[in-house]
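# Structural description and commentary
In case you want the letters, here they are:
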Amino acid sequence: MTATPDVDATRLASPDLLRSVFRRHAAGVAVITARGEHGPVGFTATSLASVSAEPPMLSFGIGTGSSCWPALSRAEHVGVHLLGEHQRELAATFARSGADRFAPPTAWHEGPEGVPLLDGVRAWLVCRIHARVPAEDHRIVLAHVLAGDHTGPGRPLLYHQGGFTGLRD
């Protein structure tokens, strides 16, 4: 016999329900960067996913209302950075609206294809954008991996219950 959810605990689909459920889902933290018309742009993403190994492809979501969307809508290449638990402030900086995300203390350099690459991250990839798939007020970006490095320091940074945290043993 299967348990039936309590009717009082069942809620109809809504933005608040989705947010509440996904606060319970621990997700790795990434920063996506691109070269913009007026300089580098970037944002914190927890929607990063591996799509294909052959050929190497990944996806991430971005809101069309994001300050980064105009640059990402035209970019040919992006940088994808996996953050370490020592980079909570970096994650917060790239999540903060209106912040000068590439100003000190953010350390970065220009990488392959002119993509801004963040220094000191656990891993990074440079990708060529394959498609931008409409998904209501977001776009799902599909990108082919061109180059990268997985040898950075630290343990992974996670986003859970509305904040940044590390793994617990």
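Higher on the page you've got the structure.
We now turn to the structure provided with this report.

### Notes on the pairing of strand β12 (residues 163–166)
Two faces, one strand: in a regular strand the side chains alternate between the faces of the sheet. Pairing geometry for strand β11 (residues 157–160) and β12, over four bridges, is antiparallel. Note on β12: the bridge partner recorded for His160 is Gly163. Hairpin connection of β11 to β12: two residues between the antiparallel strands, including Gln161 at a positive phi of 55 degrees.

### Points about the side chain of Thr93
One can find Thr93 in helix α3 (residues 88–95). By relative accessible area, Thr93 is classed as buried at 14%. Dropping the residues within four chain positions of it, Thr93 is found in contact with Ala99, Arg101 and Thr106.

### Some remarks on the sheet that holds strand β2 (residues 30–36)
Taken together, seven strands build an open sheet; the order of strands is β3-β2-β6-β9-β10-β5-β4 and the sheet is antiparallel. Each edge of the sheet is formed by a strand with only one pairing partner; in this case those strands are β3 (39–45) and β4 (49–53). Sheet twist, expressed as the average angle between the axes of neighbouring strands with direction ignored, equals 35 degrees. Each of β2 and β3 is contacted by α3, which is oriented at about 110 degrees to β3, the strand it contacts most.

### Here's the deal with unusual backbone geometry
Generally, phi is negative for residues other than glycine and the peptide bonds are trans, each holding for most cases. The step from Glu54 to Pro55 runs through a cis peptide bond, and the omega angle for that step is -5 degrees. Its location among the elements puts Pro55 in the loop between β4 and β5 (56–63). Residue Pro105 follows Pro104 across a cis peptide bond; omega there is 20 degrees. Considering the arrangement of structural elements, one finds Pro105 in the loop between α3 and β7 (108–110). Located in the positive-phi region is Glu136, a residue other than glycine, with phi close to 55 degrees.

### Some thoughts on α3
Taken together, the buried positions of α3 are Leu90, Ala91, Thr93 and Phe94. One side of α3 holds all its buried residues, which, seen down the axis, span an arc of 160 degrees.

### A word on the sheet that holds β11
Across a sheet, strands are paired by hydrogen bonds formed along the backbone, either parallel or antiparallel in direction. Taking strand neighbours across the sheet as the criterion, the three strands line up as β1-β11-β12 in an open arrangement whose pairing is antiparallel. Each end of this open sheet is capped by a strand with a single partner; those strands are β1 (27–28) and β12. α3 contacts β11 and β12 of the sheet and is inclined by roughly 155 degrees relative to β12.

### Notes on the packing of aromatic side chains
Across all of its chains, the model carries four aromatic pairs by this definition. Ring geometry for Phe94 against Phe102: centres 5.2 Å apart, planes inclined by 90 degrees, an arrangement best described as edge-to-face. Note on accessibility: Phe94 and Phe102 belong to one class, buried. Ring pairing ties together the aromatic residues Phe94, Phe102 and Trp108, which thus form one cluster.

### Looking at the nonpolar core
Among the nonpolar cores identified, the biggest contains 19 residues, and Ile32, Phe43, Phe60, Ile62, Leu72 and Val78 are the most heavily contacted of them. For this core, the secondary-structure elements that each account for two or more residues are β2, β3, β5, α2 (69–74), β6 (77–82), β9 (123–135) and β10 (138–149). Core analysis: the second largest hydrophobic core is formed by 14 residues, Leu90, Ala91, Val121 and Trp124 among them.

How each quantity is defined
Along each chain, numbering runs from 1 in the same order as the chain's sequence is written. Local features are withheld for residues below a pLDDT of 70 in this predicted model, meaning they are given only at 70 or higher, and side-chain atom pairs are given and counted only at 80 or more; totals for whole chains, interfaces and linings count all residues. Heavy atoms from the whole structure form the basis of all side-chain values; hydrogens and water molecules are not counted. Criterion used throughout: strands pair if DSSP finds at least two bridges between them. Only DSSP runs of H or I reaching four residues or more are called helices, and only runs of E reaching two or more are called strands; each is numbered from the N terminus. Partly exposed residues are those whose accessible area sits between 20% and 50% of the maximum for their type, while under 20% is buried and over 50% is exposed, using a 1.4 Å probe and protein chains only. The contact criterion used is simple: two residues touch if any of their non-hydrogen atoms lie within 4.5 Å. As a rule, the C-alpha atoms of each element are fitted with a line to give its axis, helices using only the stretch in contact, and angles between N-to-C directions run from 0 to 180 degrees. The directions from the helix axis to the C-beta atoms form the arc being described. Only Phe, Tyr and Trp rings take part, Trp by its six-membered ring, and two of them pair if their centres are within 6.5 Å. Stacked means planes under 30 degrees apart, edge-to-face means over 60, and tilted covers everything else. To form a nonpolar core, buried Ala, Val, Leu, Ile, Met, Phe, Trp, Tyr and Cys residues must be joined to one another through side-chain atoms within 4.5 Å.

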